[in-house]
Amino acid sequence: MSTTTTGSTSGKTPGAAPGTATHPESEYKPGPDGLLLEVEDLHVEFHTDDGVARAINGVNFDLRAGETLAILGESGSGKSVTAQAIMGILDMPPAKIPQGSIRYCGQDLLTMPEDKRRRTRGPEISMIFQDALSSLNPVFPVGWQIAEMFRKHRGMNKSDAQENAIRLMERVQIPAARQRVKAFPHQFSGGMRQRIMIAMSIALDPAVLIADEPTTALDVTVQAQIMNLLAELQEERQMGLILITHDLGVVADVADRIAVMYSGRIMERADVHDVYSNPAHPYTLGLLESIPRLDQKGQELAAIGGLPPNLLRLPSGCEFHPRCRFAQDICRRDRPELAEVAPGRLSACHFSKEVLHRG
Ligand SMILES: Nc1ncnc2c1ncn2[C@@H]1O[C@H](COP(=O)(O)OP(=O)(O)O)[C@@H](O)[C@H]1O
Ligand code: SF4
Ligand SMILES: [Mg+2]
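Residues numbered from 1 in each chain as written. Chains lettered and ligands numbered in written order. Predicted model: local features only at pLDDT ≥ 70, side-chain atom pairs only at ≥ 80, totals over all residues. Heavy atoms only, no water.

### Things to note about the sheet that holds strand 6 (residues 125-128)
What the 8 strands build is an open sheet, ordered 6-7-8-3-9-10-12-11; its pairing is mixed. Strands at the two margins of the open sheet, each flanked by one partner only, are strand 6 and strand 11 (339-342). Pairwise comparison of adjacent strand axes, ignoring direction, gives a mean angle of 25° for this sheet. As judged from the 4 bridges shared by strand 3 (residues 68-72) and strand 9 (residues 257-262), these two strands associate in the parallel manner. Bridging across to strand 9, Ile71 finds its partner in Ala259. The sheet strands contacting helix 7 (residues 190-202) are strand 6 and strand 7 (208-212), and the helix crosses strand 6 at an angle near 175°. Lying on the sheet, helix 11 (residues 282-289) is in contact with strand 3, strand 9 and strand 10 (265-271); it crosses strand 9 at an angle near 100°. (Pairing = 2+ DSSP bridges. Helix = DSSP H or I, 4+ residues; strand = E, 2+ residues; numbered from the N terminus. Axes fitted to C-alpha atoms, helices over the stretch in contact; angles between N-to-C directions. Contact = heavy atoms within 4.5 Å.)

Structure (structure tokens):
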């Protein structure tokens, strides 16, 4: 799904200027190579009665048009908080962003006036949540909920908005969309509801789509269908897609790059194939070893022992050291920076090279 051209294959609304990933009316234009998003040294903390929970501790990544970045990590590693910080939907307080920047098409979302930032949500950056049922309004027909987006943001009249809603429902492969446009959320299966959420998330042609564990609540066959649909839409519209998951298995086929998160940091960032074939960080290695393999039925999984750290009291040195089988004295003392270990490969470990060439 990676692309070297950023605009000529754009599936945007007719009229979109070639070479742009943003929609035609957008005031934002991607940077060189279709650069859309740059997250730099992002920190997020939560001020709680028990103290300050340091949820995000210096996250860096970027995203280009037509690219899928998977953010992977165990529960509690800071994936959703990162997504919420990008979307600007963190409750502040208790959350605070003491440091860092999030630039969209060169403009820092964190310092932008709130009304300007609000207008980026939907038409520029959009998000799909894990739980489609609680994200849809139970008292309105699904078609109405999609059509409402066209009426509100595109100023369409009722019948045009409904026609567009039907077309979008058809695009996300909802069978008999025209007949079901007036049906309510509870009349759809979990997978169909997630398709409706996807339809809503792409209705305004966002340049960046963040999907936060979009298939976790679904059964395995439906998971694959939803992933395929997301991959298709991403390619067709040349969106920058951030795919958040705790499951390495689901992103192998759809991601271009992977950022592996632990304890609010990126521990490894690289091309998806490099990460799968030869990880450079012990945590990634542990995650890979814990994927069930069809040819190893019945064998015990080598899950990573121990638990993620308490964010109120992060371990000294490398945050992963209490669980790491490669840990040495230096790991308890010095915190490793995310650094290049091979061309295009970043890892935050004192022994990345040894892990990479472990043979
Ligand atoms: N409102 C909040 N108050 C305090 N801590 C929070 C809040 N929201 C998230 N956290 C903490 O931030 C950490 C990262 O959470 P999250 O990003 O949701 O993890 P995940 O990787 O599972 O998506 C977790 O330890 C979580 O408990
Ligand atoms: S720095 Fe040390 S403890 Fe941390 S992942 Fe590398 S080897 Fe393990
Ligand atoms: Mg989450």
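### Some words on the site of ligand 1
Near ligand 1 the following residues occur: Phe46, Thr48, Ala55, Glu74, Ser75, Gly76, Ser77, Gly78, Lys79, Ser80, Val81 and Leu311. Ser77 places a polar main-chain atom, nitrogen or oxygen, 3.1 Å from an oxygen atom of ligand 1. In the environment of ligand 1, an oxygen atom lies 2.8 Å from a nitrogen or oxygen atom belonging to the side chain of Ser80. Starting from 560 Å² of accessible surface for ligand 1 in isolation, the protein chains cover 64%. (Near = heavy atom within 4 Å. Polar contact = N/O pair within 3.5 Å; in protein donor to acceptor, adjacent residues only side chain to side chain. Areas by Shrake-Rupley, 256 points an atom, 1.4 Å probe, with all protein chains shown as cover.)

### Some thoughts on the sheet that holds strand 1 (residues 35-48)
Spatially, 2-1-4-5 is the arrangement adopted by the 4 strands of the open sheet, whose pairing is antiparallel. Edge positions in the open sheet fall to strand 2 (51-64) and strand 5 (107-108), since each of these has one partner strand only. Sheet analysis places strand 4 (residues 95-104) next to strand 5, joined by 2 bridges and oriented antiparallel. Residue pairing for strand 5: Arg103 is matched across the bridge by Asp108.

### So, the packing of aromatic side chains
Within the structure shown, the criterion is met by 5 aromatic pairs. Residues Phe140 and Trp144 carry aromatic rings whose centres are separated by 4.3 Å and whose planes lie at 15° to one another, so their mutual orientation is stacked. Judged by its relative accessible area of 32%, Phe140 is partly exposed. Residue classification places Trp144 among the partly exposed residues on the basis of a relative accessible area of 33%. Note on Tyr283 and Phe320: the rings are 5.2 Å apart at their centroids and 70° apart in plane angle, and the pair reads as edge-to-face. Here Tyr283 is found in helix 11, whereas its partner Phe320 is found in the loop between helix 11 and helix 12 (329-333), with 37 residues between them in sequence. Judged by relative accessible area, which is 2%, Phe320 ranks as buried. (Phe/Tyr/Trp six-rings, centres within 6.5 Å; stacked < 30°, edge-to-face > 60°. Buried < 20%, exposed > 50% of the residue type's maximum accessible area, 1.4 Å probe, protein only.)

### Concerning unusual backbone geometry
Negative phi characterises most residues that are not glycine, and trans characterises most peptide bonds. The step from Met92 to Pro93 runs through a cis peptide bond, and the omega angle for that step is -5°. Within the secondary structure, Pro93 sits in the loop between helix 1 (79-87) and strand 4. Residue Pro93 is joined to Pro94 through a cis peptide bond whose omega torsion reads 10°. With respect to the secondary-structure elements, Pro94 resides in the loop between helix 1 and strand 4.

### So, a nonpolar patch on the surface
Residues Val139, Phe140 and Trp144 make up a contiguous nonpolar surface patch of roughly 270 Å² in combined accessible area. Mapped onto the elements, Trp144 comes out in helix 4 (residues 142-154). (Patch = residues over 30% accessible without salt bridge, like charges linked within 9 Å, V, L, I, M, F, W, Y side chains within 5 Å. Salt bridge = Lys/Arg side-chain N within 4 Å of Asp/Glu carboxyl O.)

### Focus: the pattern of salt bridges
What the rule picks out here adds up to 23 salt bridges. Here Glu236 and Arg237 are joined by a salt bridge, their closest N and O atoms 4.0 Å apart. Within this structure, Arg171, Asp205, Glu232, Glu236 and Arg237 form a network of salt bridges that share partners.

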